[in-house]
Amino acid sequence: QVQLVESGGGLVQSGGSLRISCVGSGFTFNIYDMTWYRQAPGKERELVAEIFEADGTTNYADSVKGRFTISRDNAKNTLSLQMNSLKPEDTAVYYCNTDPPFTISTTHGPSDYWGKGTLVTVSP
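Our subject in this report is the structure included herewith.

Rules used throughout
- Starting from 1, residues in each chain are numbered consecutively following that chain's sequence as written.
- Residue-level local features of this predicted model are given only where pLDDT is at least 70; pairs of side-chain atoms are given and counted only at 80 or more, and the full residue set underlies all totals for whole chains, interfaces and linings.
- Side-chain calculation: all heavy atoms of the structure are included, whereas hydrogens and water are not.
- We call a pair of cysteine sulfur atoms a disulfide whenever their separation is within 2.5 Å.
- Starting at the N terminus, helices and strands are each numbered in turn, a helix being any DSSP run of H or I of at least four residues and a strand any DSSP run of E of at least two.
- Each residue is assigned to one of three classes by its accessible area relative to the maximum for its type, calculated with a 1.4 Å probe on protein chains only: buried under 20%, partly exposed between the two thresholds, exposed over 50%.
- Salt bridges are defined as contacts in which a side-chain nitrogen from Lys or Arg sits within 4 Å of a carboxyl oxygen from Asp or Glu.
- The pairing criterion for strands is at least two bridges between them, as found by DSSP.

1. A look at the state of the cysteines
Counting across every chain of the model gives one disulfide. Between Cys22 and Cys96 runs a disulfide, and the two sulfur atoms are separated by 1.9 Å. Here Cys22 is found in strand β3 (residues 18-25), whereas its partner Cys96 is found in strand β9 (residues 92-99), with 74 residues between them in sequence. For Cys96, a relative accessible area of 0% puts it in the buried group.

What follows is the structure, given as structure tokens:
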């Protein structure tokens, strides 16, 4: 079955750096565009960065452009996000996913699959 496991989150001071990773299994990692999303307390989930499988092209949200770098290692089924010059407003749970997300069956009907995420906290 599809599984995405995020790791590497933690507490960092404003201006610091952190690298988070995600390992995918149960699907052919190298044929999917991959994304990082984040969800801050009380806010909706937002797209942070995307990397395309065809040529490695990347896109970033304006709020992280120039500070975050998304990368992938297809040999290891791993997606990474290098985050530099972190700000308190970057505090959120970060999720990786395929684009589009896989659909799974739940007791409430079909739903997009999401991993558990990894919490990044940036102190002032």
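2. Focus: the pattern of salt bridges
If you walk through the whole model with that rule in mind, you get four salt bridges. Here Glu46 ties to Arg38 by a salt bridge, and the two come within 2.7 Å at their closest N and O atoms. With a relative accessible area of 33%, Glu46 lands in the partly exposed category. Residue Arg38 is classed as buried on the basis of its relative accessible area, which comes to 5%. Between Arg67 and Asp90 there is a salt bridge, and its shortest N-O distance comes to 2.8 Å. Remark: Asp90 occurs in the loop between β8 (78-83) and β9 and Arg67 occurs in the loop between β6 (58-60) and β7 (68-73); sequence separation between them is 23 residues. With respect to burial, Arg67 and Asp90 carry one shared label: buried. Within the structure, one salt-bridge network assembled from shared partners comprises Arg38, Glu46, Arg67 and Asp90.

3. Some points on the pairing of strand β12 (residues 118-123)
Alternating residues of β12 divide into Thr118, Val120 and Val122, all buried, and Leu119, Thr121 and Ser123, none buried. Across four bridges, the pairing between strand β2 (residues 10-13) and β12 is parallel. Looking across to β12, one finds that Gln13 is bridged to Ser123. As paired elements, β9 and β12 share three bridges and run antiparallel to each other. Opposite Ala92, over in β12, you have Val120 as the bridge partner.

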